Protein chains: 2
Amino acid sequence: MNLKEFAKSIGMSQTTVSRALSGYPEVKLETRERILRLAQELGYHPNRSAAGLATGRAGAVGIVMREGLGFDPNTTEFMAGLGSRLETRQIDILITVVEDRQAELAAYRRLAASKRVDAVILHTPTLDDERMQFLKELNMPFIVHGRGDEDGGYPWLDIDNLGAMYRATGYLLDIGHKRIGLINGAKGDVFAEHREQGYRRAMKERGLQAPDMLVVNGLFTDDIGYRAMQDFLALPEPPTAVLAGSMMSALGVMRAVRSAGLQLGRDLSLIAHDDVFNYINADNMVPTVSTTRSSMREAGVRIGDIILQMLAGRDVTNHHEIWPVELVLRESTCPPPAA
Amino acid sequence: MNLKEFAKSIGMSQTTVSRALSGYPEVKLETRERILRLAQELGYHPNRSAAGLATGRAGAVGIVMREGLGFDPNTTEFMAGLGSRLETRQIDILITVVEDRQAELAAYRRLAASKRVDAVILHTPTLDDERMQFLKELNMPFIVHGRGDEDGGYPWLDIDNLGAMYRATGYLLDIGHKRIGLINGAKGDVFAEHREQGYRRAMKERGLQAPDMLVVNGLFTDDIGYRAMQDFLALPEPPTAVLAGSMMSALGVMRAVRSAGLQLGRDLSLIAHDDVFNYINADNMVPTVSTTRSSMREAGVRIGDIILQMLAGRDVTNHHEIWPVELVLRESTCPPPAA
DNA sequence: TTGAAAGCGTTACCAA
DNA sequence: TTGGTAACGCTTTCAA
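Values in this document were obtained by computation on a predicted structure and should not be read as measured data.

1. Quick word on the overall build of chain A
- Helix and strand counts for chain A stand at 12 helices and 12 strands.
- Along the longest, intermediate and shortest principal axes, the C-alpha atoms of chain A span 85 × 40 × 30 Å.
- A total of 339 residues make up chain A; the buried ones form 55% of that total.
- Summed over all atoms, the accessible surface of chain A reaches about 14700 Å², with 49% contributed by carbon and sulfur.
- The positive charge centre, built from 38 side chains, and the negative charge centre, built from 43, are 5 Å apart in chain A.

Laid out in structure tokens, this is it:
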């Protein structure tokens, strides 16, 4: 059933029906309600391609994912939040999977030229990230999940990674630690750089060294967490506390600590970053794990909000949001054992 | 730039350009190559809404996710596989997030009526799942990831859950276990029912009981794995071996075992189902964990294949595929301790 | 092998 | 407040 048929069957003009369904104000309330009800009953939904062609809008936002990296459980959580918000306006999420960074740019070009999405969401910006400039040249509206430039002329939302690590590190220093290991994200990812800065700043303020061997960069996997911790423990002077970038890394750390016959929260301290999932929970570990915590899902919801504003024509180019990160202390942190 | 402008700028008719870009055979090879090259150079991509309107095809496949449940890390892995396959034909994945089962059906209705996607993928079918019938009535092509009816008149792809649990249970029985716990998915999910059947069949064939208290249903979270295992250990006659439905549940199990001062692979055996992620690895646990293994990502790739065939007009209504599941023995399994 | 032109189903402008 | 109708940009039929 198309608009013509539907309009005819209820004895209205196409114009009025279209306006009523799109919520235009000039339709009499009574008329609108009647049309809405009948559309519901008869199951009429406008053809999205036709609407897209007429309006130039696609009714979808795009996310381009690279196959290997960047396609982790966080993504799912983020999308759950984002989607739940966008669903209220029947905006869908369009996922394109690509192999590498170059294919990612090609995908943006296709999405833009074919008018397949109204905006895209960028994840995990890197130092000298070329994507923002690229999207600007394409005239494709976008928002960055992660830190963007202050004067970049595009919106972004990030958590306070620097502050989080600064506080976590500061706390560990306050209770007496001097050698603190950092298991961080990939070198060049802005969030990881910020975390390292927060860590180094706190160390520096106490006049302490942060030797490079105490900083590890890599994926947030159990495996890498394990190996990093093993390497730490093999040092002549191992760290007495460790900051892990995710709950997955933390699992590896805990395993290495156990294998070494040590006990977390007694021989060694751990603070992990927690993106909040239902399937793994810092409160359920033994010992319970102190965390810097920020919900990925909530970030998705909020970015959905901002996108809806963008699509409504509101100027959000200078909308920057930095979310504070909670420091939740649990059993995995304690003063360093007496030397 | 639209087709008209592009065609004009290279001195061709719209018709020929359109045909060349869509790969129609009647265009002279030389002409096609020239057009393809120029489109690339000038960055021309057909407007997807216009193409959709003209052809009736959307160039996307839909996945509807319910917010809470069913939006787990597996989804990401599956989508990575699916998307990498669909990308070769520039088919995108359209995600719609809904609150509950009723909203899910409404979403299918909208997607169908608005011709927003060419097919949808159904996940985690349940007993008496109403969605297949619903989609048939909507005339929406679909494929089920999970077990469907043999004579349902729609394609599906599943792993051999029954066989996997039958073999895993059989192996444990072979090495002397008699009481085996099962930490399974939600009651009513077909995959979980199949796993329970495989488990019960193996038990029954040896004339053994599988008391209800040894079977737990729930989400695949660390938390539930932990609690289930604790409950098992509190029984007058605890199981000597446990089957966990996912690596997440397995983490909880391992934690409970450690808390009880027991050792896996000595006092107790564990086999977990592994969907294969890069961030958590059965080979890296202590002890290494025996698994029934099947890659979620590969399933995504294969479903992408089948969908491309569907979209190409091939009749796949009776295409059913059941993948064998590997049983990988590692250190977490051993004969039961002498009583 | 190429081209002209008729749809595809909306939206939005203009008129009433 | 409602209605007629010209785009929107592509695909595909028919003709050459």
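There is more to say, and it comes next.
2. Brief notes about the protein's contact with DNA strand D
- Residues in contact with DNA strand D amount to 26 residues; listed here are only the nearest, Thr-16 of chain A together with Leu-3, Ser-18, Tyr-24 and Tyr-44 of chain B.
- Sugar and phosphate atoms constitute 62% of the interface atoms of DNA strand D, taking the interface as everything within 4 Å of the protein.
- For DNA strand D, a phosphate oxygen lies 2.5 Å from a polar atom in the side chain of Ser-18 of chain B.
- Tyr-44 of chain B has a polar side-chain atom sitting 2.7 Å from a phosphate oxygen of DNA strand D.
- Only α2 (14-22) and α4 (48-55) of chain A together with α1 (3-9), α2 (14-22) and α4 (48-55) of chain B provide two or more residues apiece to the surface near DNA strand D.
- Across the surface near DNA strand D, the residue classes tally to 11 nonpolar, 10 polar and five charged.

3. Here's the deal with the protein's contact with DNA strand C
- Taken together, 26 residues lie near DNA strand C, and Leu-3, Ser-18, Tyr-24 and Tyr-44 of chain A together with Thr-15 of chain B sit nearest.
- When atoms of DNA strand C within 4 Å of the protein are sorted by moiety, sugar and phosphate together comprise 62%.
- At a separation of 2.4 Å, a phosphate oxygen of DNA strand C approaches a polar backbone atom of Leu-3 of chain A.
- Among the elements of the structure, α2 and α4 of chain A together with α2 and α4 of chain B are those that each provide at least two residues to the surface near DNA strand C.
- Counted by class, the surface near DNA strand C contains 11 nonpolar, 11 polar and four charged residues.

4. Describing the relation of the copies chain A and chain B
- After a rotation of 180 degrees and a shift along the axis of 0.0 Å, chain A superposes on chain B with an RMSD of 0.1 Å. This pairing of chains is accounted for by a two-fold axis.
- When you check the interface residues of chain A against chain B, 100% turn up at the interface there too, and the contact is symmetric in its surfaces.

5. Structural notes on the nonpolar core
- If you look at the biggest cluster of nonpolar residues, it comprises 84 residues, and the most contacted ones within it are Tyr-199, Leu-243, Leu-270 and Ile-280 of chain A together with Tyr-199, Leu-243 and Leu-270 of chain B.
- If sequence neighbours within four positions are ignored, Tyr-199 of chain B has contacts with Met-165, Tyr-166, Thr-169, Ile-180, Leu-182, Ala-210, Leu-214, Val-215 and Leu-243 of chain B.
- With 54 residues, the next largest nonpolar core counts Leu-82 and Val-316 of chain A together with Met-79 and Met-310 of chain B among its residues.

6. So, the side chain of Thr-291 of chain A
All names here are of chain A.
- Its location among the elements puts Thr-291 in strand β10 (residues 290-293).
- The class for Thr-291 is buried, based on a relative accessible area of 0%.
- Polar side-chain contacts of Thr-291 include one of 3.2 Å to the side chain of Arg-330.
- Setting aside its immediate chain neighbours within four residues, Thr-291 contacts Met-247, Ile-271, Ala-272, Asp-274, Ala-282, Glu-326, Leu-327, Val-328 and Arg-330.

7. Points about unusual backbone geometry
- Val-286 of chain A connects to Pro-287 of chain A through a cis peptide bond whose omega is -5 degrees.
- In this structure, Gln-90 of chain A takes a positive phi of about 55 degrees despite not being glycine.
- Along the chain, the position of Gln-90 of chain A falls in the loop between α5 (73-86) and β2 (92-98).
- Residue Gln-90 of chain A is classed as partly exposed on the basis of its relative accessible area, which comes to 45%.
- In this structure, Thr-124 of chain B takes a positive phi of about 50 degrees despite not being glycine.
- Here Thr-124 of chain B is to be found in the loop between β3 (119-123) and α7 (131-138).

8. Comments concerning the sheet that holds strand β5 (residues 156-159) of chain B
- Within the open sheet, the 12 strands sit side by side as β11(A)-β5(A)-β4(A)-β3(A)-β1(A)-β2(A)-β2(B)-β1(B)-β3(B)-β4(B)-β5(B)-β11(B). Their pairing is mixed. Because the sheet does not close on itself, it has two edges, and the strands there are β11 (320-323) of chain A together with β11 (320-323) of chain B. This sheet shows a mean twist of 20 degrees between the axes of neighbouring strands, independent of strand direction.
- Of the pairings in the sheet, the one linking strand β5 (residues 156-159) of chain A to β11 of chain A comprises four bridges and is parallel in character. Paired with Leu-157 of chain A across the two strands is Glu-321 of chain A, which belongs to β11 of chain A.
- Helix-sheet contacts for helix α12 (residues 296-311) of chain B involve β1 (60-66), β3, β4 (142-145), β5 and β11 of chain B, and the interaxial angle to β4 of chain B is about 165 degrees.

9. Looking at the side chain of Arg-101 of chain A
All names here are of chain A.
- Tracing the sequence through the fold places Arg-101 in helix α6 (residues 101-113).
- Overall, the relative accessible area of 19% leaves Arg-101 in the buried class.
- Only 3.1 Å separates the side chain of Arg-101 from the side chain of Glu-104, close enough to count as a polar contact.
- Residues in contact with Arg-101, not counting those within four places in the same chain, are Arg-66, Thr-126, Asp-129, Glu-130 and Arg-131.

10. Quick word on the packing of aromatic side chains
Residues and elements named next belong to chain A.
- This structure, assessed with the given rule, holds eight aromatic pairs over all chains.
- Residues Phe-191 and Phe-220 carry aromatic rings whose centres are separated by 5.9 Å and whose planes lie at 65 degrees to one another, so their mutual orientation is edge-to-face. Of this pair, Phe-191 sits in helix α9 (residues 190-205) while Phe-220 sits in the loop between β7 (215-217) and α10 (222-233); the two residues are 29 residues apart in sequence, bridging distant segments of the chain.
- Since its relative accessible area comes to 21%, Phe-191 is described here as partly exposed.
- Ring centres of Phe-277 and Tyr-279 lie 5.0 Å apart, and the angle between their planes is 10 degrees; this geometry places the pair in the stacked category. Residues Phe-277 and Tyr-279 agree in their burial class; the two are buried.
- Over the aromatic face of Tyr-226 sits the side chain of Arg-255, whose NZ or CZ is 3.9 Å from the ring centroid.

11. Considerations on the pattern of salt bridges
Residues and elements named next belong to chain A.
- Tallied over the entire structure, the rule returns 46 salt bridges over all chains.
- Asp-222 is the salt-bridge partner of Arg-255, the closest N and O atoms lying 2.7 Å from each other. With Arg-255 in helix α11 (residues 247-259) and Asp-222 in helix α10, the pair connects residues that are 33 residues apart, well separated along the chain.
- Assessed through its relative accessible area of 4%, Arg-255 is described here as buried.
- A salt bridge links Arg-302 to Glu-321, with the shortest nitrogen-to-oxygen separation between them at 2.9 Å. Placement of Arg-302 in helix α12 (residues 296-311) and of Glu-321 in strand β11 is noted, with a sequence separation of 19 residues between them.

Rules and cut-offs
- Residues numbered from 1 in each chain as written.
- Chains lettered and ligands numbered in written order.
- Predicted model: local features only at pLDDT ≥ 70, side-chain atom pairs only at ≥ 80, totals over all residues.
- Heavy atoms only, no water.
- Helix = DSSP H or I, 4+ residues; strand = E, 2+ residues; numbered from the N terminus.
- Buried < 20%, exposed > 50% of the residue type's maximum accessible area, 1.4 Å probe, protein only.
- Areas by Shrake-Rupley, 256 points an atom, 1.4 Å probe, with all protein chains shown as cover.
- Lys, Arg positive; Asp, Glu negative; His and termini not counted.
- Charge placed at Lys NZ, Arg CZ, Asp CG, Glu CD.
- Near = heavy atom within 4 Å.
- Polar contact = N/O pair within 3.5 Å; in protein donor to acceptor, adjacent residues only side chain to side chain.
- Nonpolar A, V, L, I, M, F, W, Y, C, P; charged D, E, K, R; others polar.
- Least-squares fit on C-alpha atoms with pLDDT ≥ 70 in both.
- Contact = heavy atoms within 4.5 Å.
- Core = buried A, V, L, I, M, F, W, Y, C linked by side-chain atoms within 4.5 Å.
- Pairing = 2+ DSSP bridges.
- Axes fitted to C-alpha atoms, helices over the stretch in contact; angles between N-to-C directions.
- Phe/Tyr/Trp six-rings, centres within 6.5 Å; stacked < 30°, edge-to-face > 60°.
- Lys NZ or Arg CZ within 6 Å of the ring centre and 35° of its normal.
- Salt bridge = Lys/Arg side-chain N within 4 Å of Asp/Glu carboxyl O.

Purely geometric numbers; function is a separate question.
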